[in-house]
Amino acid sequence: MTLGFGVVGTGAIGREHIKRITKTLTGADIVAVTDVNQELAEKTIGDLDLNANVYEDDSALLQDDNVQAVLVTSWGPAHESTVLKAIEAGKFVFVEKPLATTAEGCMRIVEAEQKHGKRLVQVGFMRRYDNGYRQMKQAIENNFIGEPLMVRCAHRNPEVGERYTLDMAILDTLIHEIDTLHWLVGDDYKSIQVTYPKKTSKALEHLRDPQIVTLETKSGIIIHAEIFVNCQFGYDIQCEVIGEEGIVKLPEVPTLEYRKDGVLGSGILQDWQNRFNDAFNNEFQDFIDSVRHKGEPQGPSSWDGYIAAVTGDAGVKAQKSEKVEPIELPDRPEFYQQKKSEEIV
Ligand SMILES: NC(=O)c1ccc[n+]([C@@H]2O[C@H](COP(=O)([O-])OP(=O)(O)OC[C@H]3O[C@@H](n4cnc5c(N)ncnc54)[C@H](O)[C@@H]3O)[C@@H](O)[C@H]2O)c1
Ligand SMILES: O[C@H]1[C@H](O)[C@@H](O)[C@H](O)[C@@H](O)[C@H]1O
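Residues numbered from 1 in each chain as written. Chains lettered and ligands numbered in written order. Predicted model: local features only at pLDDT ≥ 70, side-chain atom pairs only at ≥ 80, totals over all residues. Heavy atoms only, no water.

Draft legend 1. Spotlight on the side chain of arginine 275. Tracing the backbone through its elements, the reader meets arginine 275 in helix α8 (residues 272-275). Given a relative accessible area of 9%, arginine 275 falls into the buried group. (Helix = DSSP H or I, 4+ residues; strand = E, 2+ residues; numbered from the N terminus. Buried < 20%, exposed > 50% of the residue type's maximum accessible area, 1.4 Å probe, protein only.)

What follows is the structure, encoded as structure tokens:
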């Protein structure tokens, strides 16, 4: 059986995901699309040569029996409503981050999914599918560096535009570290603090950039994360975990090494699409294979979406207070128990 996707939101990443599903991956096809911008939905069908129906909205798309899974790539504020309708209709869901824009919204999804009785939803936290992070996770699980004690990381973008607001440093950028790091060290967060170093002259007036975020986990691991979204030189993701017996570090992504004009150099990637293209492919293939062969997704869950939202809210509070803010999370329900990395395809 080929998995039939209905796509809600045919903007930038929606079209990228449609291309990967139809051109690169196996086991799935696009059977329906919708977008509030109907012209864009129609154009997507034409441009990408899809044999799919165009619907006026998500409710109409969900009524199509050929839609077995819904790909939610609309704007963040529209995610919750579509995901809840899809669960109600008993369809599988792949939703780009954020699961919902509020912690309460994420909890409504968690409750609806548990009521349904089995997992339907996967959230697009693709870093868990990046080969570098996966190697680090396996090394930590195999006790290669002993107990993790500290984490140092950096999330750098070359530049951001007018529409990038202060809270987006947490909710749009750091959100990837928020999801990846608790998964990586196998611990839950306890608190978050934001401090501001000297501001770069390259940042727009309304922004404070860079920012340093300190997260502490329940067992006492301290995580220092630099967010620097106008670093100028490239898209640069760094991470190292310091343990009792050694250190594991996220490998650099190889780029062409060159010798020219007296320089031995290599390039730095410039955008997240290139940096995480393999991770995006891996996460989708895993979603497709898990749904087809195991009957439910096994990647980042609604509960992970909820953790990210609660932590993100505390982070935005910490940006304003510049104090240590608590992160209060209930225990992970049995329904959402995490699998070890070797149990995941
Ligand atoms: N995982 C990642 O690294 C990553 C990267 C980029 C974007 N994203 C996420 O993907 C989502 C989309 O981002 P984008 O860059 O493609 O944005 P975009 O603005 O290019 O596209 C969003 C599309 O959704 C449509 N839309 C909005 N509300 C809708 C609704 N209710 N029903 C149907 N269509 C609707 C818009 O018309 C637009 O075409 C965002 O949530 C964003 O955070 C994730
Ligand atoms: O939406 C993007 C995307 O999630 C990138 O991975 C991140 O580096 C950017 O800061 C963010 O704005």
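Draft legend 2. The arrangement of the state of the cysteines in detail. Under the criterion given, the structure shown has 0 disulfides. Summary of cysteine pairing: cysteine 153 is not part of a disulfide, and the nearest cysteine sulfur, belonging to cysteine 239, is at 5.0 Å. With no disulfide of its own, cysteine 231 has cysteine 153 as its nearest cysteine by sulfur position, at a separation of 15 Å. Judged by relative accessible area, cysteine 231 falls into the buried class, the value being 8%. (Disulfide = S-S within 2.5 Å.)

Draft legend 3. Examining the site of ligand 2 more closely. Taken together, Lys97, His155, Asn157, Asp172, Thr173, His176, Tyr235 and Trp272 make up all the residues around ligand 2. With respect to ligand 2, the side chain of threonine 173 contributes an N or O atom lying 2.7 Å from an oxygen atom. Within the contact set of ligand 2, an oxygen atom lies 2.7 Å away from a side-chain nitrogen or oxygen of histidine 176. Coverage of ligand 2 by the protein chains reaches 85% of its 310 Å² of free accessible surface. Broken down by element, the residue count for the shell around ligand 2 peaks at 3 residues, all from helix α7 (residues 168-185). Here the residues of the shell around ligand 2 are counted per class, giving 2 nonpolar, 4 polar and 2 charged. (Near = heavy atom within 4 Å. Polar contact = N/O pair within 3.5 Å; in protein donor to acceptor, adjacent residues only side chain to side chain. Areas by Shrake-Rupley, 256 points an atom, 1.4 Å probe, with all protein chains shown as cover. Nonpolar A, V, L, I, M, F, W, Y, C, P; charged D, E, K, R; others polar.)

Draft legend 4. Region of interest: α7. In this model, α7 (18 residues) spans 25 Å end to end at C-alpha, consistent with the 26 Å of a helix rising 1.5 Å per residue. If you look at α7, its biggest bend is around 60°, right at leucine 174. Of all 18 residues in α7, 15 are buried, a share of seventy percent or more. Two residues or fewer past α7, glycine 186 is found with a positive phi of approximately 65°. (Expected span 1.5 Å × (residues − 1). Bend = angle between axes of the 7 residues up to and from the residue.)

Draft legend 5. Seen up close, the nonpolar core. Grouped together as the largest cluster of nonpolar side chains are 100 residues, with contacts concentrated most on Phe5, Ile30, Tyr133, Leu184, Val213, Cys239 and Tyr306. Here this core spans two domains, since at least three of its residues come from each of domain 1 (3-123) and domain 2 (129-267). Ignoring sequence-local partners within four residues, the contact set of tyrosine 306 consists of Leu99, Ala103, Cys106, Met107, Val110, Leu329 and Pro330. (Core = buried A, V, L, I, M, F, W, Y, C linked by side-chain atoms within 4.5 Å. Domains from an automatic or database assignment. Contact = heavy atoms within 4.5 Å.)

Draft legend 6. Spatial organisation of unusual backbone geometry. Residue proline 98 follows lysine 97 across a cis peptide bond; omega there is 0°. Topologically, proline 98 is positioned in the loop between β5 (92-95) and α5 (103-116). Here the residue pair aspartate 209 and proline 210 is connected by a cis peptide bond, since its omega of 5° sits within 30 degrees of zero. With respect to the helices, strands and loops of the structure, proline 210 is situated in the loop between β8 (189-195) and β9 (211-217). Backbone geometry at asparagine 143 places phi at a positive 65°, although glycine is not the residue there. Checked against the element boundaries, asparagine 143 lands in the loop between α6 (131-141) and β7 (148-156). Phi is positive for glutamine 232, which is not a glycine, with a value near 80°. By relative accessible area, glutamine 232 is classed as partly exposed at 44%.

Draft legend 7. Representation of the sheet that holds strand β3 (residues 53-55) within the structure. In spatial order, the strands read β3-β2-β1-β4-β5-β6; together these 6 strands make up an open sheet with parallel pairing. Bordering the open sheet on either side are β3 and β6 (121-123), each of which pairs with just one other strand. Each strand axis lies, on average, 25° off the axis of its neighbour in the sheet, ignoring direction. Bridge count between strand β1 (residues 3-8) and strand β2 (residues 28-34): 6 bridges; the pairing is parallel. Looking across to β2, one finds that valine 7 is bridged to valine 33. The strands that helix α2 (residues 38-47) touches are β2 and β3; relative to β3, the one it contacts most, it runs at about 170°. (Pairing = 2+ DSSP bridges. Axes fitted to C-alpha atoms, helices over the stretch in contact; angles between N-to-C directions.)

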